Structure formats: structure tokens, C-alpha cells
Amino acid sequence: MNQPTPPYIPRIRDPATPIVVAIDGPAAAGKSSTARWVAERLGFYHIDSGALYRAATAAVLRACGAQQWNEPDVLTAAQRVSARDERRSFVLLVDGVELEQEMRGGAVTQNVSRVAQMRGVRDWVNAQVRSLATGRSVVVDGRDIGTVVFPDAHLKIFLIADPWERARRRLIQRLGRSPADQQIAEETERLVQRDARDSTQTVQAKDAVLIDTTYLTQEEQVERIVALVKVLKGGHGRTTPDKA
Ligand code: DC
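Let's shift gears to the pairing of strand β1 (residues 20–24). Along β1, five of the five residues are buried, which leaves the element largely enclosed by surrounding structure. Across the two faces of β1 the burial is the same, with V20, A22 and D24 and V21 and I23 all buried. Pairing geometry for β1 and strand β6 (residues 138–142), over five bridges, is parallel. Looking across to β6, one finds that A22 is bridged to V140.

Next comes the structure, spelled out in C-alpha cells:
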């Protein structure tokens, strides 16, 4: 009965501790753009784990085509991915070449769930993410960051939004204008199918802070997470820790 309630956000006492913020959630919930912005606000690095799966998929498609793959071939292709440190983020390269457009294109989006389901690929991506994060404060986004990659992350966020709203945002990003309802309905169906394909990987940690962004602007989401990190660092709006 008299047990103290554990803090909602644990405090970090040593200001030199590198901080790990994990942002997980389903496709098109705004994880990567939010993570990038939060990292910029805090001077942390941003690591987009989905981009590693996408880069590996681009490498596999180039090496093996889209037909039958076996895991060793996929792993060999994934080893051709490297990361270049650029302005507190990482640009991914396949054989030393930037493939950003290809990584975001239809063929990779269609095939990436297949690649991401392979145990060896997941182990490889997780090792890359942990290595990129070593010794630095990071905001890492993905599906299983707070559960598998960094189960001890200092702050875990799980971002969700209504599928219709996620589809609408994705189309605005793609088309640069407001989509018609019919287009949103079709995109919603594709998103829900992708959610189903990625469902085993997408796990909300028990200690994650759930943020439903359906009715939030991106700035509001970012401010919320930045405020939580400030609490973690020791106080409301302060960036130095409390005296123990
Ligand atoms: O977030 P995204 O759409 O760029 O992710 C691409 C794919 O990678 C998607 O199919 C889910 C998968 N993924 C994953 O399985 N685990 C992660 N930590 C990140 C992404």
C-alpha cells in the first residue's frame, strides 16, 4: 500500500550519460519526421531503422531481383549497405552510392516487409543501429526499438494515428496537395494491409508513452517528446539534472 509510485519518466542523474529515445509505431504514423525534428531540437543523432531495412531491400533487389530469395543471399546483399555520418544523421549507401529515391520507391516498399521478416536481416539491422548509437545521444525510430533493439531506452514513445489520417498525411506528402476522399480510402486500405504484414514486428513496449497524433500537429508531437526528454534530464524545461 505504501510502495512509492515509480516515476512516469525515470530521471537521468549523470549529465554525461548518452540518452536513447525510442520512437516506435505503425507505418505512416510520422515516426521518422518526428524523430528527425526531435533530434534536431535536442542536438541528438537521428537513426531511422526502417531506412536500413529499405537500403537492404534495395541492395537485394539489385543483386537478386524480386523473385525467390534465400536468406544467405539476402544477407550478403545487405552487407553492401553502409552509413555515412552527415549532420547528426546517417545517409545510407549501397556499394557506396546514395539510393534515397530507390529506397522510398514502389519496388522497395512492396518487398521490404519480406526482407524485414528474416531473422538474420533483423539481427544485422539491430547490430548496425546499436553500433551507430554507441557513445552518442540518439533518437531512433522503427517498430521494435523500445522492445528489442533498446529495451533499456531512457524514453520510449509509441506513436499512433487513425489509419485514415495516416493515409491522408502520406498522400499530401507524396502529391503535395490535398487528396480526394477516394484516394484516401484506397491508400488507407494499402496502409492497413502493410500494418498487417508488419504486425509481428510492431510492438508497443509496456513502459512506452503512447501518443495518438490523429489530432496533433507535427509541432505539437515534437514539443511533447522534447518536454518528456527535459523531464528525463531533470526538470521542467531545465536541461541539467536535479541534485541527487
Ligand atoms: O518505417 P518504414 O516504412 O521505412 O519501414 C520499412 C519496413 O521496415 C517496414 O516494412 C517495417 C520494417 N521495419 C521493421 O520491421 N522494424 C523496424 N525497426 C523498422 C522498420
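Between the first and last C-alpha of helix α2 (residues 49–64) there are 22 Å, a value that for 16 residues agrees with the 22 Å anticipated at 1.5 Å per step. Here α2 lies mainly inside the structure; 12 of its 16 residues are buried. Looking only at α2, the buried set comprises S49, A51, L52, Y53, R54, A55, A56, T57, A58, A59, V60 and L61. The backbone nitrogen of G50 has a side-chain oxygen 3.1 Å away, supplied by the residue at the start of α2, namely D48. Trailing α2 by a residue or two, G65 shows a phi angle of about 75°, which is positive.

This part is about the site of the ligand. Every one of the 15 residues lining the ligand counts as a neighbour, but R54, R122, R143, D144 and R194 are closest to it. Within the side chain of D144, an N or O atom sits 2.9 Å from a nitrogen atom of the ligand. For the ligand, whose free accessible area comes to 450 Å², the fraction covered by protein is 96%. Residue assignment for the shell around the ligand shows that the elements contributing at least two residues are α2 and α5 (106–116). With four residues, the top contributor of residues to the shell around the ligand is α2. Considering only residue class, the shell around the ligand consists of three nonpolar, five polar and seven charged.

Two faces, one strand: in a regular strand the side chains alternate between the faces of the sheet. Bridge count between strand β3 (residues 81–86) and strand β4 (residues 89–94): six bridges; the pairing is antiparallel. Bridging from a neighbouring strand, E86 pairs with S89 of β4. The antiparallel hairpin formed by β3 and β4 contains two residues in its connecting segment, where R87 sits at a positive phi of about 45°.

Moving on: the side chain of N126. Among the secondary structure elements, N126 is positioned in helix α6 (residues 119–133). Given the relative accessible area of 4%, N126 is considered buried. Aside from chain neighbours lying at most four places away, what touches N126 is Y53, D144, V148 and V149.

It is worth spelling out the nonpolar core at this point. Generally speaking, a soluble globular protein has its nonpolar side chains buried in company with each other. One finds I47, V129 and F150 to be the most contacted residues of the largest nonpolar core, which totals 40 residues. Beyond its immediate stretch of four places on either side in the chain, V129 contacts I47, S49, L52, V140, V149 and F150. If you look at the next biggest cluster of nonpolar residues, it comprises 25 residues, including V21, I23, A29 and I157.

To describe a pair of aromatic rings, one takes the distance between the centres and the angle between the planes. Applying the stated criterion across every chain yields a total of one aromatic pair. The ring of W69 has R114 lying over it, and the distance from NZ or CZ to the ring centre is 3.7 Å.

Oppositely charged side chains may form a pair once their charged atoms are brought near each other. Enumeration according to the criterion identifies 18 salt bridges in this entry. Its salt-bridge partner being E100, residue R104 comes within 3.1 Å of it at the nearest N-O pair. You can see R104 and its partner E100 sitting in helix α4 (residues 100–104), four residues apart, about one turn around the helix. Judged by relative accessible area, R104 falls into the partly exposed class, the value being 40%. The exposure class assigned to E100 is partly exposed, which follows from its relative accessible area of 43%. A salt bridge links E187 to R174; its shortest N-O distance comes to 3.2 Å.

Spatially, three strands are ordered β3-β4-β5 in an open sheet, and the strand pairing comes out antiparallel. Pairing within the sheet leaves two strands with one partner each, and these edge strands are β3 and β5 (97–98).

Cut-offs and rules
- Residues numbered from 1 in each chain as written.
- Predicted model: local features only at pLDDT ≥ 70, side-chain atom pairs only at ≥ 80, totals over all residues.
- Heavy atoms only, no water.
- Buried < 20%, exposed > 50% of the residue type's maximum accessible area, 1.4 Å probe, protein only.
- Helix = DSSP H or I, 4+ residues; strand = E, 2+ residues; numbered from the N terminus.
- Pairing = 2+ DSSP bridges.
- Expected span 1.5 Å × (residues − 1).
- Polar contact = N/O pair within 3.5 Å; in protein donor to acceptor, adjacent residues only side chain to side chain.
- Near = heavy atom within 4 Å.
- Areas by Shrake-Rupley, 256 points an atom, 1.4 Å probe, with all protein chains shown as cover.
- Nonpolar A, V, L, I, M, F, W, Y, C, P; charged D, E, K, R; others polar.
- Contact = heavy atoms within 4.5 Å.
- Core = buried A, V, L, I, M, F, W, Y, C linked by side-chain atoms within 4.5 Å.
- Phe/Tyr/Trp six-rings, centres within 6.5 Å; stacked < 30°, edge-to-face > 60°.
- Lys NZ or Arg CZ within 6 Å of the ring centre and 35° of its normal.
- Salt bridge = Lys/Arg side-chain N within 4 Å of Asp/Glu carboxyl O.

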